[in-house]
Amino acid sequence: MNMLTTIKGLLQNKTSSLTEKPVVEAYDAWSASYDYQPGNLMLDLDEELFADLIKNIDLKNKRVADIGCGTGRHWEKIYSLLPRLVMGFDVSEGMLKQLKQKFPLALTQHIQDDHLTMAPNEFVDCLITTLTIAHIKNIDEAIAAWSRVIKKGGDLIITDFHPSILAKGGKRSFKLGSKSVSVINYVHSVKKVKKSFAKEGFTVIKEEEKFIDEDVKHYYEAQNALPVYERFKGMPVIYGLHLKKEHAAE
């Protein structure tokens, strides 16, 4: 998720060199190298954000669903909280293959849409979806499906690229051989996302944003991208929400 390189390319009018691919094709191609991205700003910020959002949720003996689970980046942290069951859902078979190599006994489900038709109503106590929202075209449809499978009183955690960055041309990109590949994104404002959750009976418990500031300046220095840092300094780059399902959908 080399957002810095992409934004740097925007400033130098080099975005034409990016090959944009649909989500499934992109992540299947990315899966083998996805877990090997040292110094990746977005993955590092996501780790911090997720840890802060999950720490106050009691998962002991609970059922957890991870939507867009990918390679299971957060699963060690989730397992440490002693859930009864963790199940991962993803559109990329390549990413699920990597997850199963790390967690051979993991329960996973390859999906082709956002409906979760294979999951029973009110099946999970906690639903997690990280760095996924902007890959979903119809976010209202997805949130309605998530609401259906979460028990009343259940928790939901999301993190994602901040729409402000995506709206300015930021992309999730990676190297594939000699090519730079970006993944299709859709811009959903945080306000729109929260409104959709509210319609489904969710209340926001905690909301966090992380910004391009002095704490992350060294990432830009490492990529010789300080002009990018100065231009976007102060902008939110990732956000997270902890929500609770208080009642049925309106």
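Okay, so let's go over this structure. (Residues numbered from 1 in each chain as written. Predicted model: local features only at pLDDT ≥ 70, side-chain atom pairs only at ≥ 80, totals over all residues. Heavy atoms only, no water.)

## Brief notes about the overall build of the protein chain
Going by this rule: We count a stretch as a helix when DSSP gives it H or I for four or more residues in a row; a strand needs E for two or more, and each element gets its number in order from the N terminus. The globule rule used for comparison is 2.2 Å times the number of residues to the exponent 0.38, while the radius of gyration itself is calculated over C-alpha atoms. Only protein chains enter the accessibility calculation, which uses a 1.4 Å probe. A residue is then buried if its area is under 20% of the maximum for its type, exposed if over 50%, and partly exposed in between. Contacts are assigned to residue pairs that have any heavy atoms within 4.5 Å of one another. Note on areas: these come from Shrake-Rupley sampling with a 1.4 Å probe, and a residue is covered only by the protein chains present in the view. Counting rule applied: Lys, Arg positive; Asp, Glu negative; His and chain ends not counted. Here the site of a charge means atom NZ of a Lys, CZ of an Arg, CG of an Asp or CD of a Glu.
If you tally the helices and strands in the protein chain, you get ten helices and ten strands. For the protein chain, the C-alpha radius of gyration of 18 Å lies close to 18 Å, the compact-globule estimate for 250 residues. Seen along its three principal axes, the alpha-carbon backbone of the protein chain occupies a region of about 50 × 35 × 30 Å. The buried share of the protein chain, reckoned over its 250 residues, is 51%. For the protein chain, restricting intrachain contacts to residue pairs at least 6 apart in sequence, the fraction spanning at least 24 positions comes to 77%. Carbon and sulfur atoms make up 50% of the accessible area of the protein chain, which totals about 11700 Å². A gap of 2 Å separates the mean positions of the 34 positive and 33 negative side-chain charges of the protein chain.

## Remarks on unusual backbone geometry
With glycine set apart, most residues show a phi of negative sign, and most peptide bonds adopt trans. Even without being a glycine, N61 presents a positive backbone phi close to 60°. The residue N61 is located in the loop between helix 3 (41–54) and strand 2 (63–67) in this model. We classify N61 as exposed; its relative accessible area is 55%. Its identity as a non-glycine residue notwithstanding, L116 has a phi of 50°, on the positive side. Here L116 shows up in the loop between strand 4 (107–110) and strand 5 (124–130).

## Quick word on the state of the cysteines
Going by this rule: When two cysteine sulfur atoms lie within 2.5 Å, the pair is treated as a disulfide.
Across all of its chains, the model carries zero disulfides by this definition. C69 takes part in no disulfide bond, and the closest cysteine sulfur to it belongs to C126, at a distance of 14 Å. For C69, a relative accessible area of 7% gives the class buried.

## Describing the pairing of strand 7 (residues 172–176)
Selection rule: Only strands joined by at least two bridges in the DSSP assignment are considered to pair.
Bridging between strand 7 and strand 8 (residues 179–183) involves five bridges; their strand directions are antiparallel. Counterpart to K175 in the pairing with strand 8 is S180.

## Points about the packing of aromatic side chains
Spelled out, the test is: Pairs were defined over the aromatic rings of Phe, Tyr and Trp, the Trp ring being its six-membered one, requiring ring centres within 6.5 Å. Orientation was assigned from the angle between planes: stacked under 30 degrees, edge-to-face over 60, tilted for the rest.
Under the counting rule described, the total for this entry stands at ten aromatic pairs. Three or more aromatic residues link up through ring pairs in this structure, and these residues are Y27, W30, Y34 and F174.

## Things to note about the pattern of salt bridges
Which entries qualify depends on this criterion: Basic side-chain nitrogens of Lys or Arg form a salt bridge, by our definition, when they fall within 4 Å of a carboxyl oxygen of Asp or Glu.
Applying the stated criterion across every chain, the model contains 15 salt bridges. Its salt-bridge partner being E47, residue K77 comes within 3.5 Å of it at the nearest N-O pair. One end of the pair, K77, is in helix 4 (residues 75–79); the other, E47, is in helix 3, with 30 residues separating them in the sequence. For E47, a relative accessible area of 27% translates into the label partly exposed. Two residues, K206 and E208, come together in a salt bridge whose shortest N-O distance is 3.4 Å. Residue E208 is classed as buried on the basis of its relative accessible area of 15%.

## Let's talk about the nonpolar core
The line we're drawing: By nonpolar core is meant a set of buried Ala, Val, Leu, Ile, Met, Phe, Trp, Tyr and Cys residues that side-chain atoms within 4.5 Å join together.
W75, I78, I128, I212 and Y220 are the most contacted members of the largest nonpolar core, which totals 47 residues. At eight residues, the largest contribution of residues to this core is made by helix 3. Contacts of I212, omitting those with residues within four sequence positions, involve I165, Y220, Y229, F232, K233, G234, M235 and V237.

## Side note on the environment of I136
Considering the arrangement of structural elements, one finds I136 in the loop between strand 5 and helix 6 (139–149). The sequence separation of I136 and D113 amounts to 23 residues, and the corresponding C-alpha distance is 9.4 Å. Aside from chain neighbours lying at most four places away, what touches I136 is D114, A142, W146, Y186 and H188.

## With respect to the packing of helix 6 against helix 8 (residues 190–199)
For clarity, the cut-off: Fitting a line to C-alpha atoms yields each axis, with helices limited to the stretch in contact; the angle taken between N-to-C directions then spans 0 to 180 degrees. Working definition: roughly parallel below 35 degrees, roughly antiparallel above 145 degrees, roughly perpendicular at 65 to 115 degrees, and oblique for all remaining angles. If you view the pair so one helix is near and one far, a crossing is left-handed when the near helix is turned anticlockwise from the far one by less than a right angle, and right-handed when it is turned clockwise. Residues are sorted three ways: Asp, Glu, Lys and Arg are charged, Ala, Val, Leu, Ile, Met, Phe, Trp, Tyr, Cys and Pro are nonpolar, and all the rest, Gly among them, are polar.
Two numbers describe how helix 6 lies on helix 8: the axes approach to 9 Å, and their chain directions differ by 40°. Compared by their axis directions, helix 6 and helix 8 come out oblique. In the crossing of helix 6 with helix 8, the sense of the turn from one axis to the other is right-handed. Residues I139, D140, I143 and W146 of helix 6 touch helix 8, and the partners they reach there are K192, V193, S196 and F197. Considering only residue class, the contact of helix 6 with helix 8 consists of five nonpolar, one polar and two charged.

Interpretation in functional terms is not warranted from these geometric data alone.
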